[in-house]
Amino acid sequence: DYTSFKRTVSDIEVSVYKGDITQQKADVVVNAANKKLEHMGGVAFAISKAGGKSIQEESRAYVRRHGTLHIGQAVHTGAGNMPCRFVVHTVGPMWDKRGDNGTARLQLREAITNVLYYACDKLQARSIAIPAISAGIYGVPVDVSAEQLMLATQKFVRSPPSNNTLRHIKFVNIEDKVNRVFVRVFSDNL
Ligand code: AR6
């Protein structure tokens, strides 16, 4: 595992890291969830497995009480046995192979913006680890996911909110080929 890109803007360090997100010691680990918070595949399954039963239990309790999530919404649970403090669950859009996906792009950007604000407003987090939301089971091309995550991050770090607590924003990819795309997009644009 290694850091493959790092840049500091407005005292916030943004990095791209090749590794397993369940092993990150950040205050917040972000989950690429679905609307029902049923953590079945991909990064959601990995988080649920690494954290232990409590993550799926807290997630079900949330949905019983408040209903399902909408795309881009952020909610949190504890992190169970993982080395982070909280899991912030968000729901990315699904890709439509035949559509123009303008809405999907916007929703992806909003999801990350919401996650960053949530981490400050609700959790006073100093560090956050984020996976390539929607770039797996939901079928968004990796370069589109990287681009939208970068755009949301770029906007946040160029003009952080007055209550910003974040000092480290880390994009964590388990797959080499996904990580390479993130390095290219972030180093070209941030
Ligand atoms: N660490 C870092 N990245 C990972 C890990 C890991 N341990 N495991 C997978 N990835 P996905 P989505 C990468 O499919 O497209 C679930 O069933 C993976 O290589 O997890 O938003 C949910 O419950 C890919 O690049 O998320 C939803 O139903 C990225 O994480 C649905 O999948 C995202 O892939 C959400 O699909």
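Everything that follows concerns the structure shown earlier in this document.
Here the structure is a predicted model, which is why all the values come from computation and not from measurement.

> Please give an account of the sheet that holds strand β5 (residues 86-91) that cites residues and values.
As summarised here, the arrangement of the seven strands in space is β1-β2-β7-β6-β3-β5-β4, forming an open sheet in which the pairing is mixed. Strands at the two margins of the open sheet, each flanked by one partner only, are β1 (2-9) and β4 (74-78). Strand-to-strand twist of the sheet, defined as the mean angle between neighbouring strand axes without regard to direction, takes the value 25°. For strand β2 (residues 12-18) and strand β7 (residues 168-173), the ladder comprises six bridges, and the chain directions are parallel. Bridge pairing in β7 links serine 15 to lysine 170. Strand contacts of helix α2 (residues 53-66): β4 and β5, with the helix running at about 135° to β4, the strand carrying the most contacts.

> Could you give me a rundown of the nonpolar core, with the residues and numbers involved?
Ile128, Ile130, Leu166, Ile169 and Phe182 are the most contacted members of the largest nonpolar core, which totals 40 residues. When contributions to this core are tallied by element, the ones reaching two or more residues are β2, β3 (28-33), α3 (102-121), β6 (127-130), α4 (142-158), β7 and α5 (176-189). Leaving out residues up to four positions away in the same chain, phenylalanine 182 has contacts with Val16, Ala132, Val142, Ser145, Ala146, Leu149, Phe171 and Asn173. Formed by 12 residues, the second largest nonpolar core is a distinct cluster that contains Ile21, Cys84, Ala129 and Val172.

> Provide a residue-level description of the packing of aromatic side chains, including the pertinent values.
A complete count under the given rule lists five aromatic pairs for this structure. Seen in terms of ring centroids, tyrosine 117 and phenylalanine 156 are 5.5 Å apart; in terms of plane orientation they differ by 90°. Their pairing is edge-to-face. Of this pair, tyrosine 117 sits in helix α3 while phenylalanine 156 sits in helix α4, and the two are 39 residues apart along the sequence. Judged by relative accessible area, tyrosine 117 falls into the partly exposed class, the value being 33%.

> Give me the pattern of salt bridges: which residues, what numbers.
Taken as a whole and assessed by the stated rule, the structure comprises three salt bridges. For lysine 177, the salt bridge goes to glutamate 175, with nearest N and O atoms at 3.1 Å. Here lysine 177 falls in the exposed class, since its relative accessible area comes to 55%. By relative accessible area, glutamate 175 is classed as partly exposed at 40%.

> An account of the pairing of β7 is requested, with residue identities and associated values reported.
Where β6 and β7 come together, four bridges link them in parallel fashion. Across the sheet, the residue bridging to alanine 129 is lysine 170, located in β7. Read as a crossover between parallel neighbours, the route from β6 over α4 to β7 is right-handed.

> Quick rundown of α4? Include the residues and the values.
Helical periodicity: at 3.6 residues per turn, an α-helix aligns residues three or four positions apart in one direction. Helix length check: α4, at 17 residues, gives a terminal C-alpha distance of 24 Å against a target of 24 Å (1.5 Å per residue), a fit within 8%. Where α4 is buried, its residues meet β1, β2, α3, β6, β7 and α5.

Thresholds applied
- Numbering of residues starts from 1 in every chain and runs along the sequence as written.
- Predicted model: local features are reported for residues with pLDDT of at least 70 only, side-chain atom pairs are reported and counted for 80 or more only, and whole-chain, interface and lining totals are derived from all residues.
- Computation of side-chain values: all heavy atoms of the structure, hydrogens and water removed.
- Strand pairing requires that DSSP identify at least two bridges connecting the strands.
- Under the DSSP-based scheme used, a helix requires at least four consecutive residues in state H or I and a strand at least two consecutive residues in state E, with every element numbered from the N terminus.
- Inter-axis angles, ranging from 0 to 180 degrees, are taken between N-to-C directions of lines fitted to C-alpha atoms, where helices are fitted over the stretch in contact.
- Note on definitions: a residue-residue contact is assigned when non-hydrogen atoms from the two residues lie within 4.5 Å.
- In this text, buried Ala, Val, Leu, Ile, Met, Phe, Trp, Tyr and Cys residues form a nonpolar core when linked through side-chain atoms within 4.5 Å.
- Exposure categories follow from relative accessible area, calculated using a 1.4 Å probe and restricted to protein chains: below 20% of the type maximum is buried, above 50% is exposed, and the middle band is partly exposed.
- Any pair of Phe, Tyr and Trp rings, taking the six-membered ring for Trp, is counted once the centres come within 6.5 Å. Such a pair is stacked with planes under 30 degrees apart, edge-to-face with planes over 60 apart, and tilted for the rest.
- By definition, a salt bridge exists where a carboxyl oxygen of Asp or Glu is found within 4 Å of a side-chain nitrogen of Lys or Arg.
- Seen with the strands pointing away from the viewer, any crossover whose path from the first strand over the helix to the second strand runs clockwise is right-handed.
- To estimate how far a helix should extend, the number of its residues minus one is multiplied by 1.5 Å.

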